[in-house]
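Analysis of the macromolecular model
As a plain string of letters, each chain reads:
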Amino acid sequence: MNKKKIWLSSPHIGSSELRYVQEAFETNWIAPLGPHVNGFEEDIQNRVGVNHAAALSSGTSALHLALIPLGVESEDEVLCQSFTFSASANPIVYQGATPVFIDSESDTWNMDPSALEDAIVSRQALGKRIKAIIPVHLYGMPAKMDEIKFVAEKYGIPIIEDAAEALGSTLFDKNCGAFGEFAALSFNGNKIITTSGGGALLSNDEGAIQKARFLATQARDAAPHYQHSHIGYNYRLSNVLAGIGRGQMEALNDRVQARRANFNRYKEYFASVNSRGYKIEFQEELEGYFSNRWLTCILVDPELNKGISRESIRLALERENIEARPLWKPMHMQPIFKGSPFFGGKVAEKLFEIGLCLPSGSNLTDQDFDRIFNSLDSVFS
Ligand SMILES: *Cc1c(COP(=O)(O)O)cnc(C)c1O
């Protein structure tokens, strides 16, 4: 195969990243921390509309450092969206707590507020302590935060938003990442903007973010020698990578625009396919919802598509060296979380069964799209 690979979501470096990195080199700020870290944190705060942000080594570490100030420990439970990447749930287990998984609703594909309330009532009736709720804005689509917040407030449980995929998304003009007591962003290589690897923890609680910064730098007490009265972590972002992040932030609006344009292109393509008797469906924006369209995803129910499945499409693309991927396999179906409680029905399970993520990078070219559509034509001929 010598056709160039078309990736699901490849990094897209702009024009100013190198300037920031160069500045870090010239001033010898190569270590963790430094002026770019502070600048990147300010950029994030201003963009999302939160008072405090800590730049960290990953989105996973951000979720972990949100659980610690909330006092999550063994015997506690944390309610987590099941339909997500495992990094949403793993930090719960790092703390020795139990994840309780919640199904999705079919509008946004995110946490179902009524299954959430069922879980709270049932687990509390068993005497369980629920310390946090983790909704996810999957593929950039905002979760139903008003309803989720209503339930969370009714029972006095804090929200940690997993906004790893949703930087640039808004819900009634408020940014994803500004709804919860805490929020986590990711700047992994495949996300809408990247520092090659990185993340951020966001909150309006200054004390909590200070504590997160302290824990992220090995929990050193104030003393000339190394003294520790807490277990610490090495979770901070380096000044060099934060320089990449500052350049990427300047391009964020362009990246969102490009990914939304990808979505519209697929939408138009499949409108024509559907007019020939197929029924390919999308993750649609409800009124007031604005998705960054990190990934464009389709639902391919074989019963509505003359037997064509998401796998037939994925394999056709793979034959042309084009990467596509099934939607996230829900956590309650994962071998490692087999024993964890789950509340809801089969929405997430069905999405996994029939859903496919299509190439969605902000740097896809017209030629890339020609190849993608040619390959899809062979399936829907
Ligand atoms: C990418 C991602 C994470 C983890 O972020 P990393 O920076 O890779 O640690 C967490 N949750 C979701 C939903 C993600 O997509």
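Okay, so let's go over this structure.

**Some thoughts on the packing of helix H5 (residues 113–125) against helix H6 (residues 145–154)**
Any two packed helices are characterised by how steeply their axes cross, that is the angle between the axes, and by the distance between the axes. Here H5 crosses H6 at 15°, and the two axes come no closer than 9 Å. Classified by the angle between their axes, H5 and H6 sit roughly parallel to one another. The two elements H5 and H6 cross, and the hand of that crossing is right-handed. Side by side, H5 and H6 meet where Pro113, Leu116, Glu117 and Ile120 of the first sit next to Glu147, Ile148, Val151 and Lys154 of the second.

**Description of the sheet that holds strand S1 (residues 52–56)**
Taken in spatial order, the 4 strands line up as S1-S9-S8-S5 in an open sheet, and their pairing is mixed. Both outer strands of the open sheet, S1 and strand S5 (160–162), are each paired with one neighbouring strand and no more. Each strand axis lies, on average, 20° off the axis of its neighbour in the sheet, ignoring direction. In terms of strand pairing, strand S8 (residues 182–186) meets strand S9 (residues 199–203) through 4 bridges, oriented antiparallel. Across the sheet, Ala183 pairs through a bridge with Leu202, a residue of S9.

**Some points on the packing of aromatic side chains**
Under the criterion given, the structure shown has 16 aromatic pairs. Taking the centre distance of 5.2 Å and the plane angle of 65° together, the rings of Phe101 and Phe337 count as edge-to-face. In this pair, Phe101 is assigned in strand S3 (residues 98–102) and Phe337 in the loop between strand S13 (325–326) and strand S14 (342–343), connecting sequence segments 236 residues apart. Given the relative accessible area of 0%, Phe101 is considered buried. Given the relative accessible area of 5%, Phe337 is considered buried. Ring geometry for Phe270 versus Phe380: centroids 5.9 Å apart, planes at 85°, classification edge-to-face. Taken together, the positions of Phe270 in helix H8 (residues 239–274) and Phe380 in the segment after helix H11 (366–379) put the pair 110 residues apart, joining distant regions of the chain. Here Phe270 matches Phe380 in class, with each residue buried. Aromatic rings pair up to connect Phe263, Tyr266, Tyr269, Phe270, Tyr278, Phe282, Phe369, Phe373 and Phe380 into one cluster. Over the ring of Tyr20 we find Arg19, and its NZ or CZ is 5.0 Å from the ring centre.

**So, the site of the ligand**
Within the structure, the ligand sits among 15 residues, and Thr60, Asp162, Glu165, Ser186 and Lys191 are positioned closest to it. Contact distances for the ligand include 2.7 Å between a nitrogen atom and a side-chain N or O atom of Asp162. Separating an oxygen atom of the ligand from a side-chain N or O atom of Lys191 is a distance of 3.2 Å. In the complex, 93% of the free accessible area of the ligand, which totals 380 Å², lies under the protein chains. Partitioning the shell around the ligand into residue classes produces 4 nonpolar, 8 polar and 3 charged.

Conventions used here
- Residue indices follow the written sequence of each chain, beginning from 1 at its first position.
- Where local features are concerned, this predicted model is filtered to residues with pLDDT of at least 70; where side-chain atom pairs are given and counted, the filter is 80 or more; whole-chain, interface and lining totals use all residues.
- Excluding hydrogens and water, the side-chain values take into account all heavy atoms of the structure.
- Interaxial angle, 0 to 180 degrees, is taken between N-to-C directions of lines fitted to C-alpha atoms, where a helix line uses only the stretch in contact.
- Under the DSSP-based scheme used, a helix requires at least four consecutive residues in state H or I and a strand at least two consecutive residues in state E, with every element numbered from the N terminus.
- Each angle gets one of four labels, with under 35 degrees taken as roughly parallel, over 145 as roughly antiparallel, 65 to 115 as roughly perpendicular, and the rest as oblique.
- Note: crossing handedness is left-handed where the near helix turns anticlockwise from the far helix by less than a right angle, and right-handed where it turns clockwise.
- Residues count as neighbours in contact if any of their non-hydrogen atoms are within 4.5 Å of one another.
- Here, a strand pair is defined by DSSP locating no fewer than two bridges between the strands.
- Stacked, tilted and edge-to-face are the three classes assigned to paired rings of Phe, Tyr and Trp, where Trp is represented by its six-membered ring and a pair needs centres within 6.5 Å; plane angles under 30 degrees give stacked, over 60 edge-to-face, the rest tilted.
- For every residue, the accessible area obtained with a 1.4 Å probe (protein chains only) is divided by the maximum for its type, and the residue is called buried under 20%, exposed over 50%, and partly exposed between those limits.
- Both a distance and an angle decide whether a charge sits over a ring: NZ of Lys or CZ of Arg must be within 6 Å of the ring centre and within 35 degrees of the ring normal.
- Any residue with a heavy atom lying within 4 Å of a molecule or strand is counted as near it.
- For this analysis, a polar contact is any N or O atom pair within 3.5 Å, provided that within protein one partner can donate a hydrogen and the other can accept it, and provided that sequence-adjacent residues contribute only side-chain to side-chain pairs.
- Per-residue and other accessible areas were derived by the Shrake-Rupley procedure at a 1.4 Å probe size, with only the shown protein chains allowed to occlude residues.
- Any residue that is not Ala, Val, Leu, Ile, Met, Phe, Trp, Tyr, Cys, Pro, Asp, Glu, Lys or Arg is counted as polar, Gly included; the first ten are nonpolar and the last four charged.

Structural measurements only, silent on function.
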